[in-house]
Each structure stands twice: as C-alpha cells, then as structure tokens.
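# Breakdown of the fold
For reference, the chains in residue letters:
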Amino acid sequence: MLDSWGEDQEEDRYYSEAEITEEEGGELPATDAITEVQDKTFEEIKLPADVVSEVQGAWTAYMNSASSRAAAGEALYAAIFDAAPSLQSLFKTPRAVMAMRFMQGLNTIVGAMHEAGPLKVIVETLGFQHLDLEVTIPRVIIFRDALVDLFEFGLGERFSSKARSGWRSILNYVGGAYIYVRREYAGRLRIIASSWRTANNKKKDIVYVDGEEVDEEGSAEQGGGGGVSEEQQQADGSLASSSKLASGEAKRGNGPPASGEAKQVSSMQVPTTFNEMFLLNGAVMGFGSSLWMQEVLGSFDAMVTN
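Since this is a predicted model, take the numbers as computed values, not measurements.

### Overview of helix α7 (residues 137-155)
An α-helical turn contains 3.6 residues, so any two residues separated by three or four positions project in the same direction. In a regular helix each residue adds 1.5 Å, so 19 residues correspond to 27 Å; α7 covers 27 Å between its end C-alpha atoms and thus fits that length. Within the sequence span of α7, burial applies to V140, R144, A146, L147, V148, L150, F151 and L155. One or two positions beyond α7, positive phi appears at G156, with a value near 60 degrees.

What follows is the structure, given as structure tokens:
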C-alpha cells in the first residue's frame, strides 16, 4: 500500500482506525511520523516498531541519567515552564506533585506505544483528566518542543533522529487528543450536570474542588426565592403527566392496587425531583417497600456526577 502512494506521501501519512483494510489481517498500517497536531479526529495510531523502540530507549536513557525519578520529573517541569512561563497559570497543583504526574503520564504513554488500542484508551483517559485545562495547538507545540529539546540536550548522540521524530509524533497525538476530548465531551458533561441539577432542584452545578465533591447530597435544596422558572414549570407538568399515566396503567392492570399502596400514592404530592418521581413510580409498580430500589436510586447521583 505504501509503495503505491509513493515515498513522499509515506512519510507524512496519518493512519486512523477507519482506514484499516482487510489486508494484513486488518491491522493498522505503520506511519513514520505524525507531523502535525491532529485535533479533528481521534483514532488509533501505529508507529513503526523501530521508531517505538527508539522512543522507549531514549526514555529509559533519560530516566537512567537522572539521580532519581523526582529529579527527572523536576527537569521535565522546569523545561516546560522555562520555555513558556505563561503555562504555569494552568496548573494549580504544587510543583513537586505536578512533576511526578508528568513523569507518570509520559511513562504510561511510552510504555503503551507498541499497542494501538491500549495507547488510545490511555490517552483518552488522560484527556478526560485534563478537561479543565484549555489545551490549544500552540500550547501543545510549546510543550512538545520543550520536551524534545530537553531530551536532545540531555542525551546528545543517544537521541537519534528516529527518537526525535517518534517523540514529536506521540506528543502531537496526545496533544491533539486532549483538544478533541475537551471539544467533543466537555460540553456534554456540562449538559448532564445541568440537567441533573434541574431534575433535583439544585440551585448550582455540582462542582469538585481538589477532587472532593461539593454538595454531595442528591436531595433538593429548599428555601430561597419562591419563584418557579418556566423551565421548572414545564418539567413539573411533564412529571405530573407521567404520574397520571403510571396511575392509569396500574388501574387497568389485572386488579386494583393494594389499599395501603393506593393511599400512599394518593397522599403524595406531584413529584418535582428525580428522586420523588422514582419513588412514585416504584410505589405504583408495587416496589414501594423494596430496599433494592433505594439502593438503585442512591447510585444515580454517583453515576451522573462521576
């Protein structure tokens, strides 16, 4: 395939999962270099084995050249922020902790470079962990060049042209993935958080500070201004219609609901939160006293907020 495209195209070709053919058992073709930050798509990639070997060898040599992992991480941190002091404002974590995170992240990525599938999963996971950072192509280039220059200066002749090309390729891939994940998924996560807040009458979005959840309780907040927005009125109307439908379906069943269950449903107010609607439907279906329903309900908040 590469021969048919010509040598000049082979060097810059970017292969994605969608371009896999049935030839060679459906495996990804290898590409020598990803010369630009790819932020429009996010697919699996496969670099040639010799390039991967050079990148991993250079990383091992860099690790061995440092007196400790902490020193290696500190050198990475210094190289990045000396190249672009403006990037320092993006990171709120203490310097020593941030340096070790750089080390761990790069070590995981480099270790998985020979397997396209696991590499994509690792990079995607890191992308979700960096949703709060405004990663841009210029910033990716600054980050990439700072690391490559550090390796080139520290390793000298040990840092071959293949190692340099491979490092630039993998950092272009990772940086583009961060941008893609943030653009495609950050907005969706905000919609989920906002709609969950509305469904629970929460007055503010669920937020996280240093990894700890604020407003952990999933219950509705009471008090405050007594006004009801048009959006909430529409939601209440929809919930009321649903409860009427559920009650009607119960009456048309094989027999009338138990007397205690009927009293429980009739005494309930029109549900205005997800929890209330869940409990109403559970009672209508005869699961009002089932403990496992409470466990299911208690799990929703954790699923949505995480």
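Now that the structure is up, let's keep going.
### Side note on the packing of α7 against helix α8 (residues 161-199)
Running from N to C, α7 and α8 point in directions that differ by 155 degrees, and their axes come no closer than 10 Å. On the basis of the axis angle, α7 is roughly antiparallel to α8. α7 and α8 meet at a crossing whose hand is right-handed. Counted together, I137, V140, F143, R144, D145, L147, V148, F151 and E152 of α7 and R164, W167, R168, L171, N172, G175 and I179 of α8 form the full contact between these two elements.

### Structural notes on the packing of aromatic side chains
Applying the stated criterion across every chain yields a total of 17 aromatic pairs. Residues F102 and F143 carry aromatic rings whose centres are separated by 5.8 Å and whose planes lie at 70 degrees to one another, so their mutual orientation is edge-to-face. Pair noted here: F102 is in helix α5 (residues 95-111) and F143 is in helix α7, with a separation of 41 residues, a long-range link. Residue classification places F102 among the buried residues on the basis of a relative accessible area of 10%.

### Examining the nonpolar core
Counting 53 residues, the largest nonpolar core has W59, L76, F151, W167 and I170 as the members making the most contacts within it. Broken down by secondary-structure element, the contributors of at least two residues to this core are α3 (49-65), α4 (69-83), α5, α6 (116-129), α7 and α8. The element that contributes the greatest number of residues to this core is α8, accounting for 10 residues.

### Side note on the environment of I80
Positionally, I80 belongs in helix α4. Judged by relative accessible area, I80 falls into the buried class, the value being 1%. A sequence separation of 67 residues divides I80 from L147, and the C-alpha atoms of the two residues are 6.9 Å apart. Once residues within four sequence positions are removed from consideration, I80 is found in contact with L87, F102, F143, A146 and L147.

### Things to note about the environment of L155
Looking at the secondary structure, you find L155 in helix α7. Judged by its relative accessible area of 14%, L155 is buried. C-alpha of L155 to C-alpha of A61: the two residues are 94 residues apart in sequence and 7.4 Å apart in space. In this structure, L155 is in contact with A58, A61 and Y62, ignoring residues within four places of it in sequence.

### With respect to the pattern of salt bridges
Under the counting rule described, the total for this entry stands at 9 salt bridges. Here R168 and D145 are joined by a salt bridge, their closest N and O atoms 3.3 Å apart. Residue R168 is found in helix α8, and its partner D145 is found in helix α7; the two are separated by 23 residues along the sequence. Judged by relative accessible area, which is 26%, R168 ranks as partly exposed. Given the relative accessible area of 26%, D145 is considered partly exposed. Note that E152 and R164 form a salt bridge whose closest N and O atoms lie 2.7 Å from each other. One end of the pair, E152, is in helix α7; the other, R164, is in helix α8, and 12 residues separate them in sequence.

The rules behind each value
- Residues numbered from 1 in each chain as written.
- Predicted model: local features only at pLDDT ≥ 70, side-chain atom pairs only at ≥ 80, totals over all residues.
- Heavy atoms only, no water.
- Helix = DSSP H or I, 4+ residues; strand = E, 2+ residues; numbered from the N terminus.
- Expected span 1.5 Å × (residues − 1).
- Buried < 20%, exposed > 50% of the residue type's maximum accessible area, 1.4 Å probe, protein only.
- Axes fitted to C-alpha atoms, helices over the stretch in contact; angles between N-to-C directions.
- Parallel < 35°, antiparallel > 145°, perpendicular 65-115°, else oblique.
- Left-handed = near helix turned anticlockwise from the far one by under 90°.
- Contact = heavy atoms within 4.5 Å.
- Phe/Tyr/Trp six-rings, centres within 6.5 Å; stacked < 30°, edge-to-face > 60°.
- Core = buried A, V, L, I, M, F, W, Y, C linked by side-chain atoms within 4.5 Å.
- Salt bridge = Lys/Arg side-chain N within 4 Å of Asp/Glu carboxyl O.

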